[in-house]
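Understanding the architecture of this molecule
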Amino acid sequence: MEFDLKTIEALAPDQASLSAASKLTKRSNWPRLEKNEQQALIWGECQGSGSNPYRVVVDTGDHGYKCTCPSRKFPCKHTLALMWIAATAPASFAAAESTPEWVSDWLGRRRKTTPPPAQLPSGVAAKSIDEAARTDESAAVEDVAAVERREAAQRKRAEDTRQAVSAALDELDQWIADQLRLGLSGFVDGSSDRCRRIAARLVDMKATALAGRIDEIPARLMALRSEEKPDAAIRELGKLVLLAKAWRAAPDDPELKRLVSTSETREQVLANPDARRVESFWEVLGEKIESRRDGLVSHSTWLLDLKSTTPQFAVLLDYFPASAGRRSNAFAPGDRFDAKLVFYPARKPLRALVAERMGEVMSGAWPDFSLGATKDPLAGHASYQDAAPWITDCPLLLPPGAILVDDRGTGWWQAADDPQGIALPIAGAVNQTLLGLDLAATAALWDGARLDLLAAQSGFGRLDLS
């Protein structure tokens with residue numbers, strides 16, 4: 001590797017980038033660091049605030065680089081951090097015999113036109129590696145009085161937030177009572193405007209997460225038949241009432257705070273000793289990418305624990321502005337990887353972070369979870385509802401069955417060997433090629449009204465349905 005700190009200093013666009021890069025040089029930020037010395041390449045994955053890490057590759061010969069982050073600074077802080085690690089801790093990079101597909105794609109597209117910096121450009125005196133490194137050291141030395149003032153201010157802000165959220169929930173209760181008094185039919189017809197207005201009020205009163213959930217109710221209702229909408233509306237409003245009651249009983253509960261007001265940072269979750277940690281082999285069941293009314297895009301990647309003897313799930317959840325365009329994903333449906341996940345604390349932990357990843361992505365057949373035809377397909381949903389009745393989407397692994405379509409064009413999952421048994425409606429259009437196939441197992445999300453299919457195991461192998 002041909003890096004020294006002076007080279008990195010010269011490449012950095014400004015001092016702020018250097019300072020930001022210095023904070024990303026910790027090994028824990030990089031679940032993957034690899035090199036190929038024959039091709040003069042280093043690459044890695046840097047975990048940001050989202051669920052998908054940023055992919056960074058650097059040509060150590062001519063200092064060309066590529067990062068998947070949306071930064072408009074070149075090179076970005078992730079690229080500088082990768083170079084910094086290469087300069088100061090080259091042993092952190094594992095030797096790879098071949099390059100990942102995304103690195104090969106970049107190599108195939110690029111032209112080697114980036115010249116190595118023979119000398120420092122003008123203005124480099126305004127940037128300093130030493131200053132960037134000193135920033136953290138000076139920040140670590142704080143006087144006791146400053147710490148106490150900061151903690152007092154934090155307590156004051158927390159109390160102000162709690163009072164504001166409590167007032168917001170009082171207003172929500174009144175709003176729900178008004179919807180019931182005026183009639184569910186009117187609520188269904190005018191849900192878009194009504195939900196938007198109360199969501200705006202909740203944002204002003206610091207119940208931001210709850211506002212985002214209410215803003216999505218109209219989209220959920222619109223996906224249903226007319227006769228189903230009143231039942232779905234009362235179910236959604238009922239969940240909001242339960243969530244508000246639970247928050248009042250335990251406003252410091254991390255799960256309830258996350259659902260009502262604000263969420264923890266990645267660093268807070270990783271440092272939480274109560275967070276559940278699971279090291280296993282994970283299958284990517286599928287992904288859901290949805291545009292929200294608040295201008296964000298939510299990207300959910302659903303995982304199945306392949307080492308567990310019973311179906312266990314996890315979801316990697318990421319949000320980003322719609323204006324930033326679609327991001328490249330770290331995983332694709334059907335991928336498998338070995339990793340340690342840290343779950344956000346919850347009664348039924350689902351949302352997780354990839355804390356450490358080991359080895360390459362591969363593929364394979366699903367394990368046998370011994371799902372018999374007599375197993376209740378909704379037993380998993382009942383378990384989630386008992387623990388946390390405000391959950392919207394519940395992951396399920398369904399026993400053997402098939403997909404059929406009724407005379408109104410609605411798709412149904414029907415349990416095998418029991419034509420009179422349980423059948424669950426499917427959200428959206430059904431691919432005609434799936435009809436009648438014998439499915440040994442099907443992974444899906446159940447919201448109480450519709451199945452959102454993720455993947456299935458058939459005689460033809462794994463089917464991606466997301």
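Read on for a plain summary of the structure.

**What to know about the sheet that holds strand E9 (residues 336-343)**
Pairing is antiparallel in the open sheet, where five strands are placed in the order E8-E7-E6-E9-E10. Since the sheet does not close on itself, it has two edges, and those belong to strand E8 (313-321) and strand E10 (352-362), each with one partner. Recorded for the sheet is a direction-independent mean angle of 35° between the axes of neighbouring strands. Pairing of strand E6 (residues 277-291) with E9, which is carried by seven bridges, proceeds in the antiparallel orientation. Residue glutamate 283 lies in a different strand from E9, and its bridge partner there is arginine 336.

**Some points on the pattern of salt bridges**
Side-chain pairing between opposite charges can occur once the charged atoms of the two side chains come close. One pass over the structure, following the stated rule, counts 25 salt bridges. For glutamate 45, the salt bridge identified is with arginine 55, shortest N-O distance 3.6 Å. A residue pair is termed long-range when its members are at least 10 positions apart, and glutamate 45 in strand E2 (residues 41-46) and arginine 55 in strand E3 (residues 54-59) qualify at ten residues. Among the residues examined, arginine 55 registers a relative accessible area of 14% and is labelled buried. For aspartate 447, the salt bridge is made with arginine 220, and the minimal N-O distance between the two is 3.8 Å. One end of the pair, aspartate 447, is in the loop between strand E15 (439-446) and strand E16 (451-458); the other, arginine 220, is in helix H10 (residues 217-222), with 227 residues separating them in the sequence. Take arginine 220: its relative accessible area is 27%, and that puts it in the partly exposed class. Via salt bridges that share partners, Arg32, Glu34, Glu45, Arg55 and Arg357 belong to a single interconnected network.

**Re the state of the cysteines**
Using the criterion set out here, one finds zero disulfides in the structure. Free cysteine: cysteine 46, not disulfide-bonded; nearest cysteine sulfur from cysteine 67 at 7.7 Å. Here cysteine 76 stays unpaired: no disulfide links it, and the sulfur of cysteine 67, its closest cysteine neighbor, is 3.6 Å away. Given the relative accessible area of 5%, cysteine 76 is considered buried.

**Side note on the packing of aromatic side chains**
Applying the stated criterion across every chain, the model contains two aromatic pairs. Each ring, one from tryptophan 175 and one from phenylalanine 187, has its centre 5.9 Å from the other, and the planes form 75°; the classification is edge-to-face. On the criterion of sequence distance, the pair formed by tryptophan 175 in helix H6 (residues 144-182) and phenylalanine 187 in helix H7 (residues 184-189) is long-range, its members being twelve residues apart. The two residues tryptophan 175 and phenylalanine 187 agree in class, both being buried. Between tryptophan 282 and phenylalanine 343 the ring centres are 6.5 Å apart and the planes differ by 50°, which places this aromatic pair in the tilted class.

**Quick look at the nonpolar core**
Ranked by internal contacts, the top residues of the largest apolar core, which has 70 residues, are Leu172, Leu210, Ile214 and Leu451. Of all the elements, helix H11 (residues 229-249) adds the most residues to this core, at eight residues. Apart from the residues within four sequence positions on either side, isoleucine 214 is in contact with Leu172, Cys195, Ile198, Leu202 and Leu240.

**What to know about helix H8 (residues 191-204)**
Relative to the 20 Å expected for 14 residues at 1.5 Å per residue, H8 spans 20 Å between its end C-alpha atoms, a close match to the ideal helical length. The complete set of buried residues in H8 reads Ser191, Arg194, Cys195, Ile198, Ala199 and Leu202. The arc that holds every buried residue of H8, seen down its axis, measures 125°, which confines them to one face. Away from the buried face of H8 by more than 90 degrees, exposed residues Asp193, Arg197 and Asp204 are located. Lysine 206 sits one or two positions beyond H8 and adopts a positive phi of about 70°.

**So, helix H2 (residues 15-22)**
In terms of burial, H2 is a largely internal element, six of the eight residues being buried. Taken as a whole, H2 has its buried residues at Gln15, Ser17, Leu18, Ser19, Ala21 and Ser22.

**Observations regarding the environment of methionine 362**
Following the sequence through the fold, methionine 362 ends up in strand E10. For methionine 362, a relative accessible area of 44% translates into the label partly exposed. Excluding anything up to four places from it in sequence, methionine 362 contacts Phe281, Gly334, Asp335 and Arg336.

**Topic: unusual backbone geometry**
Going from phenylalanine 74 to proline 75, the amide bond is cis rather than trans, its omega being -10°. Secondary-structure assignment places proline 75 in the loop between strand E4 (65-67) and helix H3 (77-88). With a phi angle near 55°, alanine 40 is a residue other than glycine that sits in the positive phi range. Assignment of secondary structure puts alanine 40 in the loop between strand E1 (32-36) and E2. Unlike most non-glycine residues, histidine 63 shows phi in positive territory, near 65°. You can see histidine 63 is positioned in the loop between E3 and E4. Residue class for histidine 63 comes out buried when judged on its relative accessible area of 6%.

**Remarks on the side chain of asparagine 36**
With respect to the helices and strands, asparagine 36 occurs in strand E1. If sequence neighbours within four positions are ignored, asparagine 36 has contacts with Leu41, Trp43, Ala96, Glu97, Ser98 and Thr99.

**Quick look at the sheet that holds strand E5 (residues 94-95)**
Within the open sheet, the five strands sit side by side as E4-E3-E2-E1-E5. Their pairing is mixed. Only two strands of the sheet have a single neighbouring strand rather than two, namely E4 and E5. Taken together, the three bridges between E3 and E4 define a ladder with antiparallel strand orientation. Bridged to valine 57 within E4 is lysine 66. Sitting on the sheet, H3 is in contact with E1, E2, E3 and E4, with an inclination near 55° to E3.

**Remarks on the packing of H8 against helix H9 (residues 208-215)**
Packing of H8 against H9 leaves a shortest axis separation of 8 Å and a crossing angle of 170°. Classified by the angle between their axes, H8 and H9 sit roughly antiparallel to one another. Packed against H8, whose contacting residues are Cys195, Arg196, Ile198, Ala199, Leu202 and Val203, the element H9 presents Thr208, Leu210, Ala211, Ile214 and Asp215 at the interface. In terms of residue class, the contact of H8 with H9 is made up of eight nonpolar, one polar and two charged.

What counts, and at which threshold
Residues numbered from 1 in each chain as written. Predicted model: local features only at pLDDT ≥ 70, side-chain atom pairs only at ≥ 80, totals over all residues. Heavy atoms only, no water. Pairing = 2+ DSSP bridges. Helix = DSSP H or I, 4+ residues; strand = E, 2+ residues; numbered from the N terminus. Axes fitted to C-alpha atoms, helices over the stretch in contact; angles between N-to-C directions. Salt bridge = Lys/Arg side-chain N within 4 Å of Asp/Glu carboxyl O. Buried < 20%, exposed > 50% of the residue type's maximum accessible area, 1.4 Å probe, protein only. Disulfide = S-S within 2.5 Å. Phe/Tyr/Trp six-rings, centres within 6.5 Å; stacked < 30°, edge-to-face > 60°. Core = buried A, V, L, I, M, F, W, Y, C linked by side-chain atoms within 4.5 Å. Contact = heavy atoms within 4.5 Å. Expected span 1.5 Å × (residues − 1). Arc of directions from axis to C-beta. Parallel < 35°, antiparallel > 145°, perpendicular 65-115°, else oblique. Nonpolar A, V, L, I, M, F, W, Y, C, P; charged D, E, K, R; others polar.

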